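Chain by chain, the residues:
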Amino acid sequence: MPFIHDDFLLSTKTARRLYHEYAEGEPILDYHCHLSPKDVAENRQFRNLFEIWLEGDHYKWRAMRANGVDERYATGDADPYEKFLAWARTVPHTLRNPLYHWTHLELKRYFGIEELLDESSARRIWDTANEQLAGEDLRAHGILKKFRVKALCTTDDPTDDLAWHKAIAQSGLETKVFPAFRPDKALNVHLPEVFNPWVEKLAAAANVDISSFNRFVDAIGRRHACFHEMGGRLSDHGLNHCYASFCSDQTAAAIFDRARGGKAATPEEQEQFASTMMLLFGRLDAEKGWTKQLHLGARRNNNSRRFRQMGADTGWDSIGDWPQIDALAGYLDRLEAEGALPKIILYNLNPADNYAVATLIGNFQDGKTAGKIQFGSGWWFLDQKEAMEWQMNALSNVGLLARFVGMLTDSRSFMSYPRHEYFRRVLCNLIGRDIAGGEMPDRDDLVGPMIRDICYHNASRYLGLGV
């Protein structure tokens, strides 16, 4: 039997039945990813397995570094095959890391390759995969069709002119592709050397002269409206922790003016300014019926030397341990008190906070929108079997798993769509164990619809993307 077989990760007869009858056939709604809209618009054809699989993948880079592989073979100037070979040599050492599962699941689903990847099989796998990549089926559009991706939401800066999204909308692509509004750089008043060039780009994108804080807010609103016109219905924020040090608009305007003049905000001032902006973003989302996503808890760019050399998102990040709940509760409460609390998905990166987050969301459900405040799927370091189960167990015990909006790829790679299959197998195995242990009725008419909803239909209803 090959390593990746029909019943992979399904440890009971019930789990196998649930997966094959209720989860396997559902389409994908990938409501948060980092795919390039340009690659989608141009229907990118990948020249080799390195381009589609290793390019930009900091998960693999971290594993290679831990295996003693020189940086030249991760992010450096080595030949593409040399980089792939370095990864192939690393794979046998990833046993018990989810990378081992993902690697072989992806090889099987994209290329039909069942051979285990290591140094001895690397050349055969490289040649077989590259031959298939030369065809139409594994270009960007072919991949989206192959995995039955109904819609995906990219992650886009407010200054983006959305030209690639316009091109996609006019292309006739069956998969719907929407922009998601990610205004993290609007909070950087403590870094005027970063903030001010971004404000100038915002002014150009919104066609507004940003001469004051009020004009800044107006420009943000204009770009938010442009995203809405392009079908965008989600925003996203990557935060160490939520902000709830609220200040007056006058105070925020003074902080803004100083930053525009080149004076960095103090930590206290940055917290105040960010809190004011997060309220603005919440109001904008609520007005238009959007869903806000909060990705909380990443400690980024820990290795300062490597960050200076290579920049962000190159594999030097980890789980942070900030206090999360007080400020998050204050933020949600302020928006709720104003009648401006949008639908929100909270992604928590520190599992120590799982139960705190899972109970907090129950305070802000409104009795009108099912699962209005969501505890999002395991994120980043937690998007693997054990941590997915932790998240679902916490949600199940203090909330409603049946209303969960399920999985997303959160990936820059077109090779990541089997992550949805991986999640669905974990879900069905979890439910199957409960049924086998007598903790849940063995009733497909009860359990089957819940599984289908978590895999696709809850997200489809919740997000309002029209798919």
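Preceding block: the structure.
Criteria and thresholds
- Residues numbered from 1 in each chain as written.
- Predicted model: local features only at pLDDT ≥ 70, side-chain atom pairs only at ≥ 80, totals over all residues.
- Heavy atoms only, no water.
- Pairing = 2+ DSSP bridges.
- Helix = DSSP H or I, 4+ residues; strand = E, 2+ residues; numbered from the N terminus.
- Axes fitted to C-alpha atoms, helices over the stretch in contact; angles between N-to-C directions.
- Salt bridge = Lys/Arg side-chain N within 4 Å of Asp/Glu carboxyl O.
- Buried < 20%, exposed > 50% of the residue type's maximum accessible area, 1.4 Å probe, protein only.

Student: How should the sheet that holds strand β8 (residues 343-348) be read in this particular structure?
Tutor: To summarise the sheet geometry, strands pair through backbone hydrogen bonds and adopt either a parallel or an antiparallel arrangement. A sheet is described by the order of its strands in space; here four strands give the open sequence β4-β5-β8-β9, paired in parallel fashion. Every interior strand has two partners, whereas the edge strands, β4 (234-239) and β9 (373-375), have only one. Here the strands of the sheet are splayed against their neighbours by 15° on average, with no regard to which way each runs. Pairing analysis gives six bridges linking β4 to strand β5 (residues 291-296), with the strands arranged parallel. Within β5, the position partnered with Leu239 by the bridge is Leu296.

Student: Quick question: what am I supposed to make of the pattern of salt bridges here?
Tutor: Any two side chains of opposite charge can pair, on the condition that their charged atoms come close. What the rule picks out here adds up to 35 salt bridges. In this structure, Arg72 and Asp77 form a salt bridge, with 3.0 Å as the shortest nitrogen-oxygen distance. For Arg72, a relative accessible area of 34% puts it in the partly exposed group. Glu200 is paired through a salt bridge with Arg260; the nearest N and O atoms lie 2.5 Å apart. Taken together, the positions of Glu200 in helix α10 (residues 192-206) and Arg260 in helix α12 (residues 249-260) put the pair 60 residues apart, joining distant regions of the chain. By relative accessible area, which is 44% here, Glu200 ends up partly exposed. One continuous salt-bridge network, built from bridges that share partners, spans Asp39, Arg44, Arg47, Glu51 and Glu55.

Student: Please explain the sheet that holds strand β3 (residues 176-178) as it appears in this structure.
Tutor: One open sheet accounts for three strands, arranged β1-β2-β3; its pairing is parallel. Where the open sheet ends on each side, the last strands, each with one partner, are β1 (28-30) and β3. For this sheet the average axis-to-axis angle between neighbouring strands, irrespective of direction, equals 10°. Across three bridges, the pairing between strand β2 (residues 149-153) and β3 is parallel. Residue pairing in the sheet places Cys153 in a bridge with Phe178 of β3.

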